[in-house]
Amino acid sequence: MAAVIETHELTKIYGRQKAVDHLTFEVRQGEIFGFLGPNGAGKTTTILMLLGLSEPTSGNSRVLGFDPVREPLKVKERVGFMPENVGFYDDMTARSNLQYVARLNSLPDSQSKKRIDDALEKVKLANEANKPVGAYSRGMRQRLGIAEVLIKNPKLIILDEPTMGLDPEGINSVLELIKSLSVEEGISVLLCSHLLHQTQKVCDRVGILNRGRLVAKGTIEELAREGIQAELASANGRGTPADRRGLISLEDIYMRYFKEE
Amino acid sequence: MFTIFRKEIADHFNSTRFLILFCLVIGVALLTTYTVSMNLRSEISGGAKIEYLFLMLFTTSGQFFSLIQFIAFFGPLIGIIMGFDAINRERSAGTLSKLLSQPVYRDAIINAKFLAGIATISIMFVSLVLLLSGLGMVAIGVVPSGQEAARLAVYMLISIAYVGFWLGMAILFSIILRSIGTAALASVALWIFVSFFVGFGSGLIADVIAPTDQNNPELMLKNARIAGAISRVSPVNLYSDATSTIMDPYRKTTKSFVLVGPMEKISMSRFNSALSLWQSILVVAPYLTTLVALTAVCFAVSYLVFMRQEVRSI
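Residues numbered from 1 in each chain as written. Chains lettered and ligands numbered in written order. Predicted model: local features only at pLDDT ≥ 70, side-chain atom pairs only at ≥ 80, totals over all residues. Heavy atoms only, no water.

(A) Seen up close, the overall build of chain B. A count of helices and strands for chain B gives 13 helices and 0 strands. Overall, chain B shows an N-to-C arrangement of helices and strands of α-α-α-α-α-α-α-α-α-α-α-α-α. Looking at chain B as a whole, 52% of its 314 residues are labelled buried. Look at the contacts in chain B between residues 6 or more apart in sequence, and 81% of them connect residues 24 or more apart. As displayed, chain B offers around 14,300 Å² of accessible surface, 69% of which is attributable to carbon and sulfur atoms. (Helix = DSSP H or I, 4+ residues; strand = E, 2+ residues; numbered from the N terminus. Buried < 20%, exposed > 50% of the residue type's maximum accessible area, 1.4 Å probe, protein only. Contact = heavy atoms within 4.5 Å. Areas by Shrake-Rupley, 256 points an atom, 1.4 Å probe, with all protein chains shown as cover.)

(B) Here's a closer look at the pairing of strand E6 (residues 79–82) of chain A. Residue and element names in this part refer to chain A. Burial along E6 is two-sided: Val79 and Phe81 and Gly80 and Met82, pointing in opposite directions, are all buried. Sheet topology places E6 next to strand E7 (residues 156–160); 4 bridges connect them, and they run parallel. The residue of E7 that forms the bridge with Gly80 is Ile157. (Pairing = 2+ DSSP bridges.)

(C) Spotlight on the environment of B:Phe54. Residues and elements named next belong to chain B. By secondary structure assignment, the location of Phe54 is in helix H3 (residues 53–59). Sequence spacing of Phe54 and Val143 is 89 residues, and the spatial spacing of their C-alpha atoms is 7.2 Å. Contacts of Phe54, omitting those with residues within four sequence positions, involve Ser133, Gly136, Met137, Val142, Pro144, Glu148 and Leu152.

(D) Structural detail: helix H9 (residues 180–209) of chain B. All names here are of chain B. Taking 1.5 Å per residue as the helical rise, H9 with its 30 residues ought to reach 44 Å, and the 41 Å between its terminal C-alpha atoms agrees with that figure. For H9, the principal kink sits at Phe197 and spans about 40°. Among the structural elements, helix H4 (67–83), helix H5 (88–93), helix H8 (146–176), helix H10 (217–231) and helix H11 (235–247) are those in contact with the buried residues of H9. The backbone nitrogen of Gly181 has a side-chain oxygen 3.3 Å away, supplied by the residue at the start of H9, namely Ser179. (Expected span 1.5 Å × (residues − 1). Bend = angle between axes of the 7 residues up to and from the residue. Polar contact = N/O pair within 3.5 Å; in protein donor to acceptor, adjacent residues only side chain to side chain.)

(E) Main features of the interface of chain B and chain A. The interface is formed by 21 residues belonging to chain B together with 25 residues belonging to chain A. Both faces combined, the contact of chain B with chain A buries some 2,200 Å², and carbon together with sulfur accounts for 60% of it. Where chain B touches chain A, the interface holds 1 salt bridge. Here chain B and chain A share 8 residue pairs in polar contact (both at pLDDT 80 or more) between them. For the side of chain B that touches chain A, the elements supplying multiple residues, two or more each, are helix H1 (2–14), H5 and helix H6 (95–100) of chain B. With 5 residues, H6(B) is the largest single contributor of residues to the side of chain B that touches chain A. For the side of chain B that touches chain A, a count of residues per class yields 8 nonpolar, 6 polar and 7 charged. (Buried area = accessible area lost by both parts, 1.4 Å probe. Salt bridge = Lys/Arg side-chain N within 4 Å of Asp/Glu carboxyl O. Nonpolar A, V, L, I, M, F, W, Y, C, P; charged D, E, K, R; others polar.)

(F) Main features of unusual backbone geometry. All names here are of chain A. The backbone of His22 shows a phi angle near 40°, a positive value even though the residue is not glycine. By the secondary structure assignment, His22 is in strand E2 (residues 17–23). Its relative accessible area of 40% is what places His22 among the partly exposed residues. Even without being a glycine, Glu161 presents a positive backbone phi close to 45°.

(G) Geometry of the packing of aromatic side chains. Applying the stated criterion to the full structure yields 17 aromatic pairs over all chains. Look at B:Phe165 and B:Trp166: their rings are 5.2 Å apart centre to centre, the planes differ by 75°, and that puts the pair in the edge-to-face class. As far as the burial class goes, B:Phe165 and B:Trp166 line up, both buried. A network of ring pairs unites the aromatic residues A:Phe25, A:Phe33 and A:Phe35 as a single cluster. Taking the ring centre of A:Tyr89 as reference, the NZ or CZ of B:Lys7 above it sits at 3.8 Å. (Phe/Tyr/Trp six-rings, centres within 6.5 Å; stacked < 30°, edge-to-face > 60°. Lys NZ or Arg CZ within 6 Å of the ring centre and 35° of its normal.)

(H) Focus on the sheet that holds strand E8 (residues 188–193) of chain A. Residue and element names in this part refer to chain A. With respect to topology, 6 strands assemble into an open sheet ordered E6-E7-E8-E4-E9-E10, the strand pairing being mixed. Each of the sheet's edge strands pairs with one partner strand only, and the pair in question is E6 and strand E10 (213–218). Neighbouring strand axes in the sheet, compared pairwise and without regard to direction, differ in orientation by 15° on average. Across the face of the sheet, helix H1 (residues 43–50) comes into contact with strand E4 (32–36), E6, E7, E8 and strand E9 (205–210) while running at roughly 150° to E8. (Axes fitted to C-alpha atoms, helices over the stretch in contact; angles between N-to-C directions.)

(I) Representation of helix H2 (residues 16–44) of chain B. Under the 1.5 Å per step criterion, the end-to-end length of H2(B) is 41 Å for 29 residues, consistent within 8% with the ideal 42 Å. Every buried residue of H2(B) is listed here: B:Phe18, B:Leu21, B:Val25, B:Ile26, B:Ala29, B:Thr32, B:Thr33, B:Val36, B:Ser37, B:Leu40 and B:Ile44.

(J) Spotlight on a nonpolar patch on the surface. On the surface, B:Phe73, B:Ile192, B:Phe193, B:Phe196, B:Phe197 and B:Phe200 cluster together into a nonpolar patch covering about 590 Å² of accessible area. Along the chain, B:Ile192 turns up in helix H9. (Patch = residues over 30% accessible without salt bridge, like charges linked within 9 Å, V, L, I, M, F, W, Y side chains within 5 Å.)

(K) Quick look at the confidence of the model for chain B. The pLDDT averaged across chain B works out to 83; a share of 89% of its residues lies at or above 70. ipTM for the predicted complex: 0.81, alongside a pTM of 0.85. (pLDDT = per-residue confidence, 0-100.)

Below is the structure:
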């Protein structure tokens, strides 16, 4: 499978601090890649570099075949990005917010009308489309954020903490939505989060980032297997029975990688 | 860029604060022009028609101030109110990072915001001046000559540049300062400083450099020159000097020692010949250039800061 995102030794240094440290990973076409890590691990910085919004100190990356440093507009035309705490113009309706984004993407109004309707339908906000966004709940705003990303018909979407601040029901509906986008539309997803159980449910593969370095990469089963082996080796067989049965959770993996350093 | 421009203009015209501001300006301007026209009418009745009477509508003060004084004082506030939250509101609402992740160049955002502000100001000024001219024509029964109309046009141009400067200033603050409140206060503080204290300060400094002597006109002149030069640091003074010259053909320099009332002006006009429009423009051209240059500097600094700002902090 072709890679939609490839980075090679991507590095970003702010002052004396290495925010992203020689990061090399790839996201394959059609998969949901979970980009995990604690707060401040460098996830957002990496995304900004992938979108060409921030220039890497060294290293390079390719997004859908384009270099974000040289051709940021081509990347931004094709990639949908939902920032953390996605913002809207609160006094405008959901529909006009989306319309604005459509116009920014140079879609003619005749074409965008249908796309907006489709996107709103997909995120189940069609009935609320003409309300000002200021009246929306957090979950609705998050779903509207996804609708907005869909407007440009992206091949790849990047979501930064899409479930932050949502109640369990909201989390589920957002995650299901993401899953369905990947399965039904074949959109590749880069999902950033520090919340594990949730990503566990939807991600095909994950990469774990800590202090700017990629400390683990692979499917959840792979990571779990590695985790068990490490556990067994270090505990010398004194691991709990659950571990031996392979029921190690992502939480354990996560804790393992974050405790290192 | 046109999309952002269109949205920004729509935002300006839909916003309550713009509406309030516009009503306020129009209200005060109408009131001023009305009282001035009443005064003029009673003063000139019976006399022969004077040249450039129409322009006096804008330059003579009614009860308190003339229209151009009002704009000189209040214009900055218009610019500030339209610009102080241009960028930082988007930043705090989280819409800026979204905007930046769309396929638009980063400078398109700031260009569009600035141009939308200028366009709004222009629309506001043109409608204001047309409205007041209409009122003036009815009230004093004089139709402006071609030259007067041209002078009004130049006046509008200077005014737009002037308010544009303040708009650029406010946008600059909105980029540098994260908080909307701080940006607003900073711009207002600068406005007050420049409007009042530069005037006082220039007098003080001039007194130190060249102390005056009641009996020595040469020293007084020197003092006044220095004060004038220093006060021109302030765009407010630049603007009021430039506009009062272009609007009053009998003024040949931008500074005059004596305050002249409308009646004196009328009698002076019997002996003086007026400057031609072209000559007046020549007198104010440096002022207009300076204003435009100041605006350009403000905008250029905003542009640089905005282009270099790390998105991380957006």
